[in-house]
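Structural overview for review
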Amino acid sequence: MIVSATTWVLPVLFAVTFHEAGHGFAAKAFGDDTAQRAGRLSLNPIRHIDPVGTIVIPGLLLLTGAPFLFGYAKPVPVAFYRLSPQRIGIIGVAIAGPAINIVLAILSIMLLAWLPSFSPVVNDWLGRTLQNSVALNCVLAVFNMLPIPPLDGGRVLTAISPAPMARVLMRMEKTGMILLIALIFLLPYVTAQLGIDLPIFRWLVIEPASALINFLANIIT
């Protein structure tokens, strides 16, 4: 259990913290230095760790043997009204986090392909850690690009939508995550009690993430 947990520690830490750092660097590129002034324009994971999202939730999922691992870091503060040009800036900031996750997945695949020969124990640990990094980063990239506010995909959808629809989506920022949890986790649980299999998380996230992993592996190796 301890060895298995250690193969997830670094992937979770870097995936969720670099994701948030990506938002901050993109915001700075589009003219907003809020993250910089808050000390969050950094690749130092310690500055982005959220005690619950980065430590408690992934730890509980590992301990309970959950079929997937999930986590998050402290959101980087962004003043969207300061971005210029605003719509393109919102899109750029939103996709920066998932883009960083895809870059980390690519680097992990490359390291897997070019892994030097160490002792069998070290090679096994490195191999499992890198495989977990690929899987986790692709899952986070796909999940965060779902077109539901306040996820990154929801912010992209808001930026490209006509004003009336954009206002509706902006109002969903506070309730969107609750709706998402209900859709992905609560609804399948309720339907399972009725004998109906409704694996929404697998349909929306796991299967697209698996396809992304296969695509990246094919073009790199």
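All residue numbers here refer to positions counted from 1 along the written sequence of the relevant chain. Given that this is a predicted model, residues contribute local features only at a pLDDT of at least 70 and side-chain atom pairs are listed and counted only at 80 or more, while totals for whole chains, interfaces and linings are drawn from all residues. The side-chain figures draw on all heavy atoms in the structure; neither hydrogens nor water molecules are used.

Let us now look at the UniProt feature "transmembrane region" (unreviewed entry) in the chain. Here, the residues flagged by UniProt with the feature "transmembrane region" (unreviewed entry) are residues 55-76, 88-114, 175-194 and 200-220. For residues 88-114, the helix share is 96%, the strand share is 0%, and the end-to-end C-alpha distance is 37 Å. UniProt positions are given in the numbering used here, feature names are shortened, and annotations may be inferred rather than shown by experiment. In this description a helix means any DSSP run of H or I spanning at least four residues, a strand means any run of E spanning at least two, and both kinds are numbered starting from the N terminus.

Here an axis means a line fitted to C-alpha atoms, over the contact stretch when the element is a helix, while the angle between two N-to-C directions is reported on a 0 to 180 degree scale. Direction vectors running N to C along helix 4 (residues 86-113) and helix 5 (residues 120-144) enclose 155 degrees, while the axes themselves pass 8 Å from each other. If you check the angle between helix 4 and helix 5, you find them roughly antiparallel. Between helix 4 and helix 5 lies a crossing of left-handed hand. Of the residues in helix 5, those in contact with Pro 98, Asn 101, Ile 102, Leu 104, Ala 105, Ser 108, Ile 109, Leu 111 and Leu 112 of helix 4 are Gly 127, Leu 130, Gln 131, Ser 133, Val 134, Asn 137, Cys 138, Leu 140, Ala 141 and Asn 144. Class assignment for the residues of the contact of helix 4 with helix 5 results in twelve nonpolar, seven polar and no charged. Any angle that falls under 35 degrees is termed roughly parallel, while one over 145 is termed roughly antiparallel, one within 65 to 115 roughly perpendicular, and all others oblique. A crossing counts as left-handed when the near helix is turned anticlockwise from the far one by less than a right angle, and as right-handed when that turn is clockwise. Only heavy atoms enter the contact rule, under which two residues are in contact if any of them lie within 4.5 Å. Three classes are used, and their members are as follows: Ala, Val, Leu, Ile, Met, Phe, Trp, Tyr, Cys and Pro are nonpolar, Asp, Glu, Lys and Arg are charged, and the others, Gly among them, are polar.

To continue, consider the environment of Arg 37. On the secondary structure map, Arg 37 appears in helix 2 (residues 34-37). Summary of the burial criterion: residues with accessible area below 20% of their type's maximum are buried, those above 50% are exposed, and those between are partly exposed, where the area comes from a 1.4 Å probe applied to protein chains only. Look at Arg 37 and you get exposed, because its relative accessible area is 56%. Separated by 40 residues in the primary sequence, Arg 37 and Pro 77 place their C-alpha atoms 9.7 Å from one another.

Moving on: the UniProt feature "domain: Peptidase M50" (unreviewed entry) in the chain. Using the residue numbers shown here, the UniProt feature "domain: Peptidase M50" (unreviewed entry) corresponds to residues 129-184. Each end of residues 129-184 is marked by a C-alpha atom, and these two atoms are 27 Å apart; helix forms 77% of the span and strand 0%.

Attention now goes to the packing of helix 5 against helix 9 (residues 200-220). Between helix 5 and helix 9, whose axes approach to 8 Å, the crossing angle comes to 125 degrees. As summarised for this structure, helix 5 and helix 9 are arranged oblique, according to the angle between their axes. Considering the relative orientation of helix 5 and helix 9, their crossing is right-handed. For the pair helix 5 and helix 9, the contacting residues are Val 134, Ala 135, Cys 138, Val 139, Val 142 and Phe 143 in the first and Phe 201, Leu 204, Val 205, Ile 206, Pro 208, Ala 209, Leu 212, Ile 213 and Leu 216 in the second.

Taken together, the side chains of Val 52, Ile 55, Val 56, Leu 60, Leu 63 and Tyr 72 make up a nonpolar region of the molecular surface, amounting to roughly 570 Å² of accessible area. The exposure class assigned to Leu 63 is exposed, which follows from its relative accessible area of 61%. Only residues whose relative accessible area exceeds 30% and that form no salt bridge enter a patch; like-charged residues are grouped when within 9 Å of one another, and nonpolar side chains (Val, Leu, Ile, Met, Phe, Trp, Tyr) when within 5 Å. To be clear on the numbers: accessible area is Shrake-Rupley with a 1.4 Å probe, and residue cover counts the displayed protein chains and nothing else. Counted as salt bridges are all cases of a side-chain nitrogen of Lys or Arg within 4 Å of a carboxyl oxygen of Asp or Glu.

In this model, Ser 84 is joined to Pro 85 through a cis peptide bond whose omega is -10 degrees. Note on placement: Pro 85 falls in the loop between helix 3 (51-63) and helix 4. At the junction of Pro 149 and Pro 150, the peptide bond is cis and its omega measures out at 10 degrees in the coordinates. Relative to the elements of secondary structure, Pro 150 occurs in the loop between helix 5 and helix 6 (152-160).

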